[in-house]
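For reference, the chains in residue letters:
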Amino acid sequence: MTYGVHAVPGLPASVRIWEVGPRDGLQNEARAVPTEVKAELIRRLVAAGLSTVEVTSFVAPRWVPQLADAERLSALLPWHEGVRYPVLVPNMVGLERALAAGARDIAVFASATEAFARRNLNRSLDESLATFDPVVGTARREGVGVRAYISMCFGDPWEGQVAAAAVVAVTRRLLDMGCEEVSLGDTIGVATPGHVTALLKAVGDAGTPSERIAVHFHDTYGQALANTLAAIQAGVTTVDASAGGLGGCPYARSATGNLATEDLVWMLDGLGVATGVDLTALAAASRWLADILGRPSPSRVVQALSSPAEDSP
Ligand code: MG
């Protein structure tokens, strides 16, 4: 069912959705998800029209046992013209594993704050950036696409407020290192739209074009879509989302985490911003996975589309 397109001036004609569910979503699952289920999920996401699907992480298997099947999953990825399957790599060992498994796009994971770098990456901010330098350089020489995530861009559970200047500085260093795109993460979900507008202005004023910026919002405080609208009004055209709202952040106050891809597509469909995604097929994929995981999707759109009330006047 559709309720019409109501455009807002100044928005981009299309947005690229960077689907993170198989990696960012499933990595938080306590129970092991079989590799074949992950491969089938990815097949369904691509069939629904998603053309960038982050599939796994080549972190040490003892850190994230759920993603210990990165090599086996890589061998099962369906080839489709124009579809990209980025993988997360933490260091050179991870990059070597990823390249051997055939990865053509990678992502590295940095932090805007010293506290998160030390707690999550076990290094100082400078040390963690120094670790990425050879990873990014080697990947680029191999012709591999490189994105960088920056965590805690809008707030940090240990440091509180995060200065825009800190995000601008880390963004600059990652782009200078050779990263093609930087995804600004609201890891604990505390951002509000004016904050998004101000941070993106600071990043732009420092000389970074909006084509090189993506946003990664969490819905912990119910702000993810409002923040997304602020970001695309500021010229951002790549938005991260997780099918069915899979996954959360262990550092946030509630389990509600990633912006659900269905919620994002519903908003963009209504605004007439093209995504290439078939919402019905996508929601069906999320329901299929929710049945396997044994709990309903937290996505409001998946829930609404599943509700019998949708059929009555
Ligand atoms: Mg996330």
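To be clear, the structure that these remarks concern was listed above.
What counts as what
Chains are numbered independently. Their residues run from 1 in the order of the written sequence. Local features in this predicted model are restricted to residues whose pLDDT is 70 or higher, and side-chain atom pairs enter the listing and the counts only when it is 80 or higher, whereas totals over whole chains, interfaces and linings include all residues. Where side-chain values are given, they derive from all heavy atoms of the structure, hydrogens and water being excluded. Numbering of helices and strands runs from the N terminus, with a helix taken as a DSSP run of H or I at least four residues long and a strand as a DSSP run of E at least two residues long. Note on classification: 1.4 Å probe, protein chains only; a residue is buried when its accessible area is under 20% of the maximum for its type, exposed when over 50%, partly exposed between these limits. Between two residues, a contact is recorded if the distance between any of their heavy atoms is within 4.5 Å. Residue-level accessible areas treat just the shown protein chains as cover; the underlying method is Shrake-Rupley with a 1.4 Å probe. Whenever Lys or Arg places a side-chain nitrogen within 4 Å of a carboxyl oxygen from Asp or Glu, that contact is recorded as a salt bridge. Listed donor atoms are N, O and S within 2.8 Å of the metal (Na, K and Ca: 3.2 Å). As water is not included, a site may look incomplete. Here, a strand pair is defined by DSSP locating no fewer than two bridges between the strands. Angles here are taken between N-to-C directions and fall from 0 to 180 degrees, while the axes themselves are lines fitted to C-alpha atoms, restricted in helices to the stretch in contact. Residues enter a nonpolar core if they are buried and are Ala, Val, Leu, Ile, Met, Phe, Trp, Tyr or Cys, with the set joined through side-chain atoms within 4.5 Å. We call a crossover right-handed when, viewed with both strands directed away from the observer, the connection leading from the first strand over the helix to the second proceeds clockwise.

Draft legend 1. Spotlight on the overall build of the protein chain. In terms of helices and strands, the protein chain carries 12 helices and 9 strands. Seen through its principal axes, the protein chain has C-alpha atoms that stretch 60 × 45 × 35 Å. Evaluated residue by residue, the protein chain yields a buried proportion of 54% over its 313 residues. A sequence separation of at least 24 residues applies to 76% of the contacts in the protein chain between residues at least 6 apart. Element-wise, carbon and sulfur atoms account for 55% of the exposed surface of the protein chain, whose accessible area totals about 13,300 Å².

Draft legend 2. Representation of the pattern of salt bridges in the model. In total, this model carries 17 salt bridges according to the counting rule given. Of the charged contacts in the structure, one is a salt bridge between arginine 23 and glutamate 54, with a shortest N-O distance of 2.6 Å. Of the two residues, arginine 23 is situated in helix α1 (residues 21-25) and glutamate 54 in the loop between β2 (52-53) and β3 (56-57); the sequence distance between them amounts to 31 residues. We classify arginine 23 as buried; its relative accessible area is 1%. Owing to a relative accessible area of 0%, glutamate 54 belongs among the buried residues under this scheme. Notably, a salt bridge pairs arginine 97 with glutamate 71, separated by 2.8 Å at the nearest N-O pair. With a gap of 26 residues between them, arginine 97 in helix α4 (residues 92-100) and glutamate 71 in helix α3 (residues 70-74) connect regions that are remote in the sequence.

Draft legend 3. A look at the coordination of the magnesium ion. Protein coordination of the magnesium ion is provided by Asp24 (OD), His216 (NE2), His218 (NE2) and Asn258 (OD1), with donor distances spanning 2.0 to 2.2 Å. Between consecutive donors of the magnesium ion, the numbers of intervening residues give the motif D-x191-H-x1-H-x39-N. Taken together, the positions of histidine 218 in the loop between β8 (213-217) and α9 (224-233) and asparagine 258 in the loop between β9 (238-241) and α10 (261-271) put the pair 40 residues apart, joining distant regions of the chain. Among the residues examined, asparagine 258 registers a relative accessible area of 5% and is labelled buried.

Draft legend 4. Broad picture of the sheet that holds strand β6 (residues 145-151). Pairing in this open sheet of 9 strands is parallel, and the strands run β2-β1-β9-β8-β7-β6-β5-β4-β3 from one edge to the other. Only two strands of the sheet have a single partner each, and these edge strands are β2 and β3. Sheet topology places strand β5 (residues 105-111) next to β6; 7 bridges connect them, and they run parallel. Of the residues in β6, the one forming a bridge with phenylalanine 109 is tyrosine 149. Most of the contacts of helix α6 (residues 125-141) go to β5, to which it runs at about 170°, and overall it touches β5 and β6.

Draft legend 5. Representation of the side chain of asparagine 227. Relative to the assigned elements, asparagine 227 resides in helix α9. Taking the relative accessible area as the measure of exposure, asparagine 227 reaches 0% and is therefore buried. Residues contacting asparagine 227, with those up to four places away along its chain left out, are Asp186, Ala191, Thr192, Pro193, Val196 and Phe217.

Draft legend 6. Region of interest: the environment of glutamine 161. By secondary structure assignment, the location of glutamine 161 is in the loop between β6 and α7 (164-177). The exposed category is assigned to glutamine 161, whose relative accessible area is 79%. Measuring from C-alpha to C-alpha, the distance between glutamine 161 and threonine 2 comes to 40 Å, with 159 residues separating the pair along the chain.

Draft legend 7. View of the nonpolar core. Ranked by internal contacts, the top residues of the largest apolar core, which has 84 residues, are Ile106, Leu174 and Leu184. Excluding anything up to four places from it in sequence, isoleucine 106 contacts Val87, Val89, Leu95, Val135, Ala139, Val144, Gly145, Val146 and Arg147. Within the second largest apolar cluster, 5 residues are counted, among which are Trp18, Val20, Leu88 and Ala107.

Draft legend 8. Here's a closer look at the pairing of strand β7 (residues 181-186). Counting buried residues in β7 gives 6 out of 6 residues, a clear majority hidden from the surface. For β6 and β7, the ladder comprises 4 bridges, and the chain directions are parallel. Along β7, the bridge assignment pairs alanine 148 with valine 182. As for the winding sense of the linkage, the β-α-β connection from β6 through α7 to β7 is right-handed. Relative to β8, β7 runs parallel, the two sharing 5 bridges.

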